[in-house]
Amino acid sequence: MTQDDGGAVRPTVTRGTRPTGAGAGRVLVAVYGVLALAATVRAGYQIVRHFDEAPVAYTLSLVAGLVYVLATVALARDWRRVAWVAVTVELVGVLTVGTLSLADAAAFPDATVWSGYGQGYGYVPLVLPFVGLWWLWRTGRPSPAAADDLG
Amino acid sequence: MPLALLVVALCAVLGGWAAWFVVRDRAVVLRQLWGAAVVEGVLVVQAVVAGWLAVSDAPPVDGVLLWGYVATQAVILPVAAAWAFAERTRWSSVVLLVAALTVAFLEYRLLQIWGAV
């Protein structure tokens, strides 16, 4: 995915940055969207049906799902600042919850998206924030005239 | 169950087709979207059958869980198709591939949860 394109349409340059939701970014948005959908729908189901069993885990699942929704929208709409925050929250979340879920399994009786570093989702939740941050950095880099990231 | 297997098989074909286009550095073409429409059509039939079974048989499956999957998988391909129009590069093919794999995976989960559909 490091190659840009071959003879493809060049993204239009606005404010010296490239849109986060075009070209290869669209794939990133798609994967984020799938994860957002999976995490949010699943958390909704867990909360509706089994909230009493693991309130902390399910609430966390829902928060994680909503952060993914936010990241998806932000990347798609080129809201850079929001995207930076959302993706960073995910990275911190997956690392923190991943570590806690292994260290103190009793606190997480049922799986969340972030348990075991996203094990239940093929570690996509662990990899995605890194890709997201790299993409934000890459698309926002060129041109010294574009110091203002107007989100 | 046969419907779910049919969807998985169709998704595999669609995904393989999209993967081929990724390798060839081509954007999604209209014919692939017709393929996606066929998959979507089977999904709709499956949703109707699932609804009918849910009403008539009262199967031992949680309705919220089942419809969560049925509704989720229905929205994925249309979004990928809309993007195929917006993104005229090979990346639309990657998106279609991801979409096909996702639908196939959801079908697989659906089979695990409820073998009857």
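Bear in mind the structure is a predicted one, so any value in this text is a computation, not a measurement.

J.: Tell me about the pattern of salt bridges, and name the residues and values.
T.: Residue and element names in this part refer to chain B. Summed over all chains, the structure comprises three salt bridges over all chains. For Arg-90, the salt bridge goes to Asp-25, with nearest N and O atoms at 3.2 Å. Residue Arg-90 is found in helix α4 (residues 90-113), and its partner Asp-25 is found in the loop between α1 (2-23) and α2 (30-57); the two are separated by 65 residues along the sequence.

J.: Could you give an account of the nonpolar core, naming the residues involved and the relevant values?
T.: Within the largest apolar cluster, 62 residues are counted, with the highest numbers of intra-cluster contacts made by Tyr32(A), Tyr68(A) and Leu77(B). Listed by contribution, the elements that provide at least two residues to this core are α1 (24-50), α2 (55-77), α3 (80-103) and α4 (124-140) of chain A together with α1, α2, α3 (63-86) and α4 of chain B. Looking at this core, the element that brings in the most residues is α4(B), giving eleven residues. Apart from residues lying up to four places away in sequence, Tyr32(A) is in contact with Tyr68(A), Ala71(A), Thr72(A), Leu75(A), Val87(A), Glu90(A), Leu128(A), Pro129(A) and Gly132(A).

J.: Give a detailed account of the interface of chain B and chain A, specifying residues and quantitative values.
T.: Listed by partner, the interface residues are 17 residues for chain B and 19 residues for chain A. Taking both sides of the interface into account, the surface hidden between chain B and chain A amounts to around 1,600 Å²; carbon and sulfur atoms contribute 72%. Ranking the residues of chain B by area buried against chain A places Trp83(B), Glu87(B) and Trp91(B) at the top, with a combined share of 35%. Inspection of the chain B/chain A interface yields one salt bridge. Counting the contacts that link chain B with chain A gives two residue pairs in polar contact (both at pLDDT 80 or more). Contributions of two or more residues to the side of chain B that touches chain A are made by α3 and α4 of chain B. Per-element tally for the side of chain B that touches chain A: the top contributor is α3(B), with eight residues. For the side of chain B that touches chain A, the class distribution of residues is ten nonpolar, four polar and three charged.

Parameters at a glance
Residues numbered from 1 in each chain as written. Chains lettered and ligands numbered in written order. Predicted model: local features only at pLDDT ≥ 70, side-chain atom pairs only at ≥ 80, totals over all residues. Heavy atoms only, no water. Salt bridge = Lys/Arg side-chain N within 4 Å of Asp/Glu carboxyl O. Helix = DSSP H or I, 4+ residues; strand = E, 2+ residues; numbered from the N terminus. Core = buried A, V, L, I, M, F, W, Y, C linked by side-chain atoms within 4.5 Å. Buried < 20%, exposed > 50% of the residue type's maximum accessible area, 1.4 Å probe, protein only. Contact = heavy atoms within 4.5 Å. Buried area = accessible area lost by both parts, 1.4 Å probe. Polar contact = N/O pair within 3.5 Å; in protein donor to acceptor, adjacent residues only side chain to side chain. Nonpolar A, V, L, I, M, F, W, Y, C, P; charged D, E, K, R; others polar.

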